[in-house]
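Report on the structure
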Amino acid sequence: MRSLSIVLLLSLPLAGQNPADDFYRDARDKKPEVYAIELRTAGIPEEEIARRLDLLTNHRALLEADRWNRFYGDPASNYSRAPNSFLTAVLNGMKPGTALDYAMGDGRNAIYLAKLGWTVHGFDMSDVAVGLAKQRAAELGLTIDATTCTDAEYNFGRERFDLILFSWSMPLADVRKVTDALKPGGIVVMEFGPGFVGRNGMLHLFDDLVIERYEMTRAVSDFSDRRETDIYRLIAGK
Ligand SMILES: C[S@@+](CC[C@H](N)C(=O)[O-])C[C@H]1O[C@@H](n2cnc3c(N)ncnc32)[C@H](O)[C@@H]1O
């Protein structure tokens, strides 16, 4: 009986993974209509094509969450487990306040902020990532308020945060929610690599704020298999 339970457990997908979404790896970067032609050519039944197109067109957040659950559920995923180096430099000498970690992933930055005495809130669409963040915080005896949701669903509130962090993330929901959620005098700290917005695009993400610092540099990415890449960094204040 015990060995049967073990076999059943081993045959379950890893937490947060939906095998019916396996196709997304191949489909993610294709236009749905182009992907549909490929599927028809390959003889995939119309019902299955319709299911995939519905997910791609109407429920992409579910597919993205599944994708990131796979990423964070795989111990072999190649990303930095250390806090983002731009963030650590910015925080140096800064008085702790209240921070929001926007799309916090496994909480590497949220936990660093909490260690420095910040009150930390964060959210991410991947429940596996948020689970890792909560587990690590509990192991370290730290408190972070971590929520599983998309940015469109998150309740940002008004004038709550001294710092809003975008570490290898960017606002996909209404950016006014971000600027409204900053306290007067608060800052947005942002870093990402190519593929997020076009060249100089970061400069225009927060037109209601004042850009206090912007730089482009070349360094090892925190993600993208840790390849050397162009990296963009910004601090903008309210
Ligand atoms: C490249 S990772 C960065 C994670 C974290 N900020 C860090 O630096 O370690 C991007 C994260 O964004 C999350 N994400 C992507 N789109 C999202 C959305 N619309 N709402 C919430 N989280 C999202 C993913 O689940 C993933 O954890």
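Cut-offs used in this document
- Residues numbered from 1 in each chain as written.
- Predicted model: local features only at pLDDT ≥ 70, side-chain atom pairs only at ≥ 80, totals over all residues.
- Heavy atoms only, no water.
- Near = heavy atom within 4 Å.
- Polar contact = N/O pair within 3.5 Å; in protein donor to acceptor, adjacent residues only side chain to side chain.
- Areas by Shrake-Rupley, 256 points an atom, 1.4 Å probe, with all protein chains shown as cover.
- Buried < 20%, exposed > 50% of the residue type's maximum accessible area, 1.4 Å probe, protein only.
- Helix = DSSP H or I, 4+ residues; strand = E, 2+ residues; numbered from the N terminus.
- Pairing = 2+ DSSP bridges.
- Right-handed = clockwise from strand over helix to strand, strands pointing away.
- Axes fitted to C-alpha atoms, helices over the stretch in contact; angles between N-to-C directions.
- Parallel < 35°, antiparallel > 145°, perpendicular 65-115°, else oblique.
- Contact = heavy atoms within 4.5 Å.
- Nonpolar A, V, L, I, M, F, W, Y, C, P; charged D, E, K, R; others polar.
- Core = buried A, V, L, I, M, F, W, Y, C linked by side-chain atoms within 4.5 Å.
- Expected span 1.5 Å × (residues − 1).
- Domains from an automatic or database assignment.
- Salt bridge = Lys/Arg side-chain N within 4 Å of Asp/Glu carboxyl O.

A few words on the site of the ligand. Taken together, 18 residues sit near the ligand, with Ala103, Arg108, Asp124, Asp151 and Ser167 positioned nearest. Taking arginine 108, its side chain carries an N or O atom lying 2.6 Å from an oxygen atom of the ligand. Within the contact set of the ligand, an oxygen atom lies 2.6 Å away from a side-chain nitrogen or oxygen of serine 167. When the ligand sits alone it has 600 Å² of accessible area, and the protein chains cover 92% of it.

Quick look at the pairing of strand β4 (residues 161-167) now. Within β4, 6 of the 7 residues are buried, which leaves the element mostly enclosed by the surrounding structure. Direction of pairing for strand β1 (residues 98-102) relative to β4: parallel, over a ladder of 3 bridges. In the strand pairing of β4, leucine 100 is matched with isoleucine 164. Inspection of the sheet shows β4 paired to strand β5 (residues 182-192) by 6 bridges, in the parallel sense. Across the sheet, residue serine 167 finds its bridge partner in β5, namely glutamate 191. As for the winding sense of the linkage, the β-α-β connection from β4 through helix α9 (residues 175-181) to β5 is right-handed.

Bringing the packing of helix α5 (residues 60-73) against helix α8 (residues 127-139) into the picture now. Viewed as axis vectors pointing N to C, α5 and α8 meet at an angle of 40°, and their least axial separation amounts to 7 Å. What the angle tells us is that α5 and α8 run oblique. Of the residues in α8, those in contact with Asn69, Tyr72 and Gly73 of α5 are Asp127, Val128, Ala129 and Leu132. Looking at the contact of α5 with α8, its residues break down into 4 nonpolar, 2 polar and 1 charged.

Core analysis: the biggest nonpolar cluster contains 31 residues, and Ile164, Val188, Met190 and Phe206 have the highest contact counts within it. Those elements that provide at least two residues to this core are β1, α8, β4, α9, β5 and β7 (228-237). Beyond its immediate sequence surroundings of up to four residues, methionine 190 is in contact with Phe86, Phe166, Ser169, Met170, Pro171, Met202, Leu205, Phe206, Tyr232, Arg233 and Leu234. Residues Val90, Ala99, Met104 and Ile235 belong to the second largest nonpolar core, which totals 22 residues.

What follows concerns the environment of glutamine 135. Summarising the element assignment, glutamine 135 is placed in helix α8. Here glutamine 135 falls in the partly exposed class, since its relative accessible area comes to 47%. Remark: the alpha-carbon pair of glutamine 135 and phenylalanine 166, spanning 31 residues in sequence, is separated by 22 Å.

Looking at the secondary structure, you find valine 189 in strand β5. With relative accessibility at 1%, the residue valine 189 sits in the buried group. Residues valine 189 and phenylalanine 86, spaced 103 residues apart in sequence, show a C-alpha to C-alpha distance of 8.6 Å. Not counting residues within four places of it along the chain, the set of residues in contact with valine 189 comprises Phe86, Val90, Leu163, Ile164, Leu165, Phe166 and Leu234.

Attention now moves to α8. Every α-helical turn comprises 3.6 residues, leaving residues that sit three or four positions apart pointing alike. Given a rise of 1.5 Å per residue, 13 residues ought to cover 18 Å, and the 18 Å separating the end C-alpha atoms of α8 matches this to within 8%. If you check which residues of α8 are buried, you get Val128, Ala129, Val130, Ala133 and Ala137. Packed against the buried residues of α8 are α5, α7 (108-115), β2 (119-124) and β3 (145-148). Glycine 141 lies just past α8 and shows a positive phi near 70°.

Right, let's talk about the domain arrangement of the protein for a bit. Looking at the assigned domains, one finds that the protein contains domain 1 (2-73) and domain 2 (85-237). Contacts between the two partners involve 10 residues from domain 1, matched on the other side by 10 residues from domain 2. Scanning the region where domain 1 abuts domain 2 turns up 0 salt bridges. Remark: the boundary between domain 1 and domain 2 carries 3 residue pairs in polar contact (both at pLDDT 80 or more). Of the residues contributing to the side of domain 1 that touches domain 2, the split by class is 6 nonpolar, 3 polar and 1 charged.

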